[in-house]
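Examining the three-dimensional arrangement
Chain by chain, the residues run as shown.
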Amino acid sequence: MRRARWLAHPAGVGAPAVMRDWLTTPGSLTARLIAHSRQFRVQKLRQAGNVCLADEADAIGLARPRRVWEREVLLRCDGQPVVYGHTVVPMSASASDWPLFSALGERSLGTTLFYDPRVTRGALEFARLRPGHPLVARVHAALGRNAPARDTYFARRCVYRRRQGLLLVTEVFLPEVLDLEAAAFNMNTNTK
Ligand SMILES: C=C(O[C@@H]1C=C(C(=O)O)C=C[C@H]1O)C(=O)O
C-alpha cells in the first residue's frame, strides 16, 4: 500500500501560496469553510469498521494496519465538495474516550474536537498525495464520475487525544477550495 511523506512544515509539499494558506488553517477547518460559504454541509459517506491505511497505523499507535472505526466525509460549500475527510479511531478506544464520535451523522467532527476542553491536539503534518496513494483512490471514489483529472492532492493530518483515546483526522484538499477565496473576495467587493 503506497505511503506518503508526512512533513512537519507545509513548505516541503510544494503547494501554491493559497493552498498553503488553507493547509495551515490554524483552528477548525469547518469554521473557516462556513465563513467562506453561504451553505456548508458535511456529507457522511461512510462510518464503520475498516482496516486503516499503512500511513495511519503508526500515527494512532498501531504496529501495523488493523481494524479501526473509520469515518469518511465530503465537506461541501454551496454544494461543491472542497475537502475529503478521513478519520480513524482504534477499536481499543472506549465510548468514554470519544462519546460523540459514533453518533455524529452529518454534524462536523470539528465541532466535537475544538470545543471540548478534554481534547488535546497534536502537531499538523502535511503531504502531497500522488497517484496510487489509497486516499487518492478514496477521493476519486467519493467524487465518482466528477473526479477531476488530477494526479496529486495536498493533504494535512492531525492526531487528537482525549482521555486514553487517539483519533487521526486526515483532510485532503480538493482544487475547488481555491475558488472559495476568490468567491469570498468577490462577495466582499460586491457588497461595497
Ligand atoms: C477536524 C475538523 O472536522 C472536520 C469534519 C470532519 C467530519 O465531520 O468527519 C472531518 C474533517 C474535518 O475537516 C475541523 O472542522 O477542523
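Structural notes, computed from the coordinates. From a predicted model like this one, the values you see are computed outputs, not experimental measurements.

**Overview of the pattern of salt bridges**
All told, the structure shown has ten salt bridges when counted by the stated rule. Here glutamate 70 and arginine 46 are joined by a salt bridge, their closest N and O atoms 3.0 Å apart. Placement of glutamate 70 in strand 2 (residues 67-77) and of arginine 46 in strand 1 (residues 40-51) is noted, with a sequence separation of 24 residues between them. Residue classification places glutamate 70 among the buried positions, given a relative accessible area of 1%. A relative accessible area of 32% means that arginine 46 is categorised as partly exposed. Measuring nitrogen to oxygen at the nearest pair gives 2.8 Å for the salt bridge that ties arginine 157 to glutamate 125. Here arginine 157 is found in strand 6 (residues 153-162), whereas its partner glutamate 125 is found in strand 5 (residues 125-129), with 32 residues between them in sequence. One continuous salt-bridge network, built from bridges that share partners, spans Arg46, Glu70, Glu72 and Arg138.

**Some points on the site of the ligand**
Around the ligand sit 14 residues in total, of which Leu29, Thr30, Arg71, Leu109 and Glu171 are the nearest. Threonine 30 places a polar side-chain atom, nitrogen or oxygen, 2.5 Å from an oxygen atom of the ligand. Between glycine 110 and the ligand, the recorded distance is 2.9 Å, taken from a backbone N or O atom to an oxygen atom. Its free accessible area being 380 Å², the ligand has 100% of it covered by the protein chains. Contributions of two or more residues to the shell around the ligand are made by helix 2 (29-35), strand 2, helix 4 (109-113) and strand 7 (165-173). For the shell around the ligand, the leading source of residues is strand 2, giving three residues. Its residues assigned to classes, the shell around the ligand shows seven nonpolar, four polar and three charged.

About the criteria used
- Residues numbered from 1 in each chain as written.
- Predicted model: local features only at pLDDT ≥ 70, side-chain atom pairs only at ≥ 80, totals over all residues.
- Heavy atoms only, no water.
- Salt bridge = Lys/Arg side-chain N within 4 Å of Asp/Glu carboxyl O.
- Helix = DSSP H or I, 4+ residues; strand = E, 2+ residues; numbered from the N terminus.
- Buried < 20%, exposed > 50% of the residue type's maximum accessible area, 1.4 Å probe, protein only.
- Near = heavy atom within 4 Å.
- Polar contact = N/O pair within 3.5 Å; in protein donor to acceptor, adjacent residues only side chain to side chain.
- Areas by Shrake-Rupley, 256 points an atom, 1.4 Å probe, with all protein chains shown as cover.
- Nonpolar A, V, L, I, M, F, W, Y, C, P; charged D, E, K, R; others polar.

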